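Geometric and topological summary
Residue-level listing of the chains:
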Amino acid sequence: MDKLISFSVPLMLTGILQLLFNAVDIIIVGRFTGSTALAAVGSTTALINMLINLFIGISIGTNVLAARYFAAKMNKELNGTVHTSVLFAIIVGVVMGIVGIVLARPALQIMDTPDDVIDQSILYMRIYFCGMPFFMVYNFCAAILRAIGDTKRPLLFLTFAGAVNALLNYILVKFFSMGVAGVAIATVTSQFISCILVIICLTHANDAPYKLEFKKLRIQWRYLRDIFKVGIPAGLQSTVINFSNALLQSSVNSFGANAMAGYTAANNVLGFLYATVNSITQACMSFMSQNLGAGKKDRLDKILRDCVILQIVVPLVLGGLAFFFSRQVLSIYTKNPVDIDYGWQIMSITTFTYFLCGMMDLIPGAMRGLGHSTVPMILSIIGTVGTRIVWIFGFFPHHHTLRFLFISYPGSWILTITLQVICFYFVRRKVMGTPKRTLTHD
């Protein structure tokens, strides 16, 4: 438990700092520019996440594979994984940057973004995607550091980059009146800084097997295939879930700019809660993968048990605080009472129940650490996306309120947990019966 906590806390703070990039954008825009600009920034969140999360999910494959090779002392394989992952991140970052810039307008139009918001949303999204190569490289490099048990240095890098982001936000919006363009430029700059810092870290790793050397950058299909085996199902799961969130964003858009602004603020608070539960999931996945690679299967049940305890207690405490102080928290983002009321309607349903989301996230993470990713992906899509689609198109038109719309969140979490627990039972039986010599090639 103590090792899980010491691993999770820096990772948790790292996730929170990443969210602060977007939170500072939202707070400064909401306070200095108004509800329309706030809605513009927020309207891009689900769409951006839907476009990039496939490849962020693939970085999970890098984490699992590198952790297993590191624990098994397979240095050549670890080095090949590092260089394949970094080059893949560079290529994907460039491609995603181009895709995001080109598709910004048609994608936002499909989501029924209101006319008074869409131009600013497009501007924010296009500038944001200019930083996609930096964003991708940072995430894949940070996955490598997590795989070897280092969660502290990524935290330090993001702390510095986050401070730069906040300062630039304030200067560009307050003194240069650049609005959404200013916060987007600040975010891209901070992503560039964090990317450079993590690259310096890996290139100066002395004689470590995970040292990054630019002359060795090449795609080795053996490692990319194994990364994809774990990462693509995780990425597809996240992408499809964010597709359901994009549908939900479209439903929120039907209430107008004030509801969009309230949702933007509430969703950002939920993002901080997710950063905490996801850090526990990442810890569980890394610990599972390392112990499996080392052949210490007797530790797997204890790891999961301790993670379940953390995944219930931590979000219950933080979600409860967010529930009881929801209006005060929302007032940090906007002073408009109408915006705050819409945000409160959402948070009253989703915050106190957020431990369910944590459990829904943990069990598939444990299975990915054991090398099983495809079936958990399918079950998550069925449970989460299926429930929300039925809710949005089947029930919501007859009960057109924000609170009723967001009941789909805890409902989908409960169904998905049930499916994942059944799946884990069979995965555990299979893993416990697998001979040690095959584990590093699963």
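Quick note: structure is the one above.
Attention here is on the structure that accompanies the text. Since the structure is predicted, the reported quantities are computational estimates derived from the model, not experimental observations.

Here the focus is the overall build of the chain. Counting its regular elements, the chain contains 17 helices and zero strands. By the compact-globule yardstick of 22 Å for 442 residues, the chain fits well, its C-alpha radius of gyration being 21 Å. For the chain, the spread of C-alpha atoms along the three principal axes comes to 60 × 45 × 35 Å. Here the chain, with 442 residues, has 60% of them falling under the buried criterion. Within the chain, residue pairs in contact and separated by at least 24 positions form 85% of the contacts whose partners lie at least 6 positions apart.

Of note, the phi angle at Lys-73 is positive, near 60 degrees, even though the residue is not glycine. Looking at the secondary structure, you find Lys-73 in the loop between helix H3 (45–71) and helix H4 (75–110). A residue is classified by how much of its surface remains accessible, and Lys-73, at 68% relative accessible area, is exposed. Its identity is not glycine, yet Asn-206 carries a phi of approximately 55 degrees, on the positive side. Mapping Asn-206 onto the fold places it in the loop between helix H8 (179–203) and helix H9 (221–253). Relative accessible area serves as the criterion here: at 60%, Asn-206 is assigned to the exposed category.

Right, let's get into helix H11 (residues 300–324). A rise of 1.5 Å per residue sets the reference length of H11, with its 25 residues, at 36 Å; its end C-alpha atoms lie 36 Å apart and thus fit the reference within 8%. Taken as a whole, H11 has its buried residues at Leu-300, Ile-303, Leu-304, Asp-306, Cys-307, Leu-310, Gln-311, Pro-315, Gly-319, Gly-320 and Ala-322.

This part is about the packing of helix H15 (residues 374–395) against helix H17 (residues 408–432). In the contact formed by H15 and H17, the axes pass within 9 Å of each other and the chain directions differ by 155 degrees. Put simply, H15 runs roughly antiparallel to H17. Like other packed secondary-structure pairs, H15 and H17 cross with a definite hand, here right-handed. Counted together, Val-375, Pro-376, Leu-379, Ser-380, Ile-382, Gly-383, Thr-384, Thr-387, Arg-388 and Trp-391 of H15 and Ser-408, Tyr-409, Gly-411, Ser-412, Trp-413, Leu-415, Thr-416, Leu-419, Gln-420 and Cys-423 of H17 form the full contact between these two elements.

This next bit is on the packing of aromatic side chains. Inspection of the entire model under this criterion finds 17 aromatic pairs. Pairing Tyr-263 with Phe-406 gives two aromatic rings, centres 5.7 Å apart and planes at 40 degrees, and the pair type is tilted. A residue pair is termed long-range when its members are at least 10 positions apart, and Tyr-263 in helix H10 (residues 257–293) and Phe-406 in helix H16 (residues 402–406) qualify at 143 residues. Phe-406 carries the same exposure label as Tyr-263, and that label is buried. Within the aromatic cluster, the residues linked to one another by ring pairs are Tyr-263, Tyr-354, Phe-406, Tyr-409 and Trp-413.

Now for the packing of H10 against helix H14 (residues 354–369). Here H10 crosses H14 at 25 degrees, and the two axes come no closer than 8 Å. With respect to each other, H10 and H14 are oriented roughly parallel. When the axes of H10 and H14 are compared, the crossing they make is right-handed. Touching Leu-270, Leu-273, Tyr-274, Val-277, Asn-278, Ile-280, Thr-281, Cys-284, Met-285, Met-288, Ser-289 and Leu-292 of H10 are Tyr-354, Cys-357, Gly-358, Asp-361, Leu-362, Gly-365, Ala-366, Arg-368 and Gly-369, all from H14.

Counted as a void, the largest pocket has a volume near 460 Å³. In terms of lining residues, the largest pocket is bounded by 20 residues, among which Lys-3, Phe-287, Asn-291, Arg-299 and Ile-303 are the most central. Here the element with the most residues in the lining of the largest pocket is helix H1 (residues 2–32); it accounts for five residues. Reported here for the second largest pocket is a volume of approximately 200 Å³.

Moving on: the nonpolar core. In terms of nonpolar packing, the biggest core is built from 75 residues, with Ile-52, Met-96, Phe-129, Met-136 and Tyr-210 touching the most fellow members. In terms of residues, this core owes the most to one element, H3, which gives 12 residues. Excluding anything up to four places from it in sequence, Met-96 contacts Leu-51, Ile-52, Phe-55, Phe-129, Met-132 and Met-136. Core analysis: the second largest hydrophobic core is formed by 56 residues, Val-252, Ala-259, Val-277 and Ile-392 among them.

Rules used throughout
- Every chain's residues receive numbers from 1 upward, in the order its sequence appears when written.
- For a predicted model such as this one, the threshold for reporting local features is a pLDDT of at least 70, and the threshold for listing and counting side-chain atom pairs is 80 or more; totals across whole chains, interfaces and linings nevertheless cover every residue.
- Hydrogens and water molecules were not included; the side-chain quantities draw on all heavy atoms of the structure.
- We count a stretch as a helix when DSSP gives it H or I for four or more residues in a row; a strand needs E for two or more, and each element gets its number in order from the N terminus.
- Restricting the calculation to C-alpha atoms gives the radius of gyration, and the globule rule supplies 2.2 Å times the number of residues raised to the power 0.38.
- Relative accessibility under 20% of the residue-type maximum defines a buried residue, over 50% an exposed one, and the middle range a partly exposed one, all with a 1.4 Å probe and only protein chains included.
- Two residues qualify as a contact provided that any one of their heavy atoms is within 4.5 Å of a heavy atom in the partner residue.
- An expected span of 1.5 Å times one less than the residue number is assigned to each helix.
- Lines fitted to C-alpha atoms define the axes, with helix axes restricted to the stretch in contact, and inter-axis angles between N-to-C directions lie between 0 and 180 degrees.
- Geometric relationships in this document are graded by angle, where less than 35 degrees denotes roughly parallel, more than 145 denotes roughly antiparallel, 65 to 115 denotes roughly perpendicular, and other angles denote oblique.
- It is the rotation of the near helix from the far one that decides the hand of a crossing: anticlockwise by less than a right angle makes it left-handed, clockwise makes it right-handed.
- Pairing of aromatic rings covers Phe, Tyr and Trp, the last counted by its six-membered ring, and requires centre-to-centre distances within 6.5 Å; plane angles under 30 degrees mean stacked, over 60 mean edge-to-face, and any other angle means tilted.
- In this analysis a 1.4 Å probe is tested at points of a 1 Å grid over the protein atoms alone, and where it fits but cannot get out there is a cavity; an open set with protein on both sides within 12 Å along at least five of seven lines is a pocket; lining residues have an atom within 4 Å of a point.
- Grid points are joined across faces, edges and corners, and a volume is the space filled by probe spheres set on the points.
- Definition of nonpolar core: a set of buried residues of the types Ala, Val, Leu, Ile, Met, Phe, Trp, Tyr and Cys, connected through side-chain atoms within 4.5 Å.

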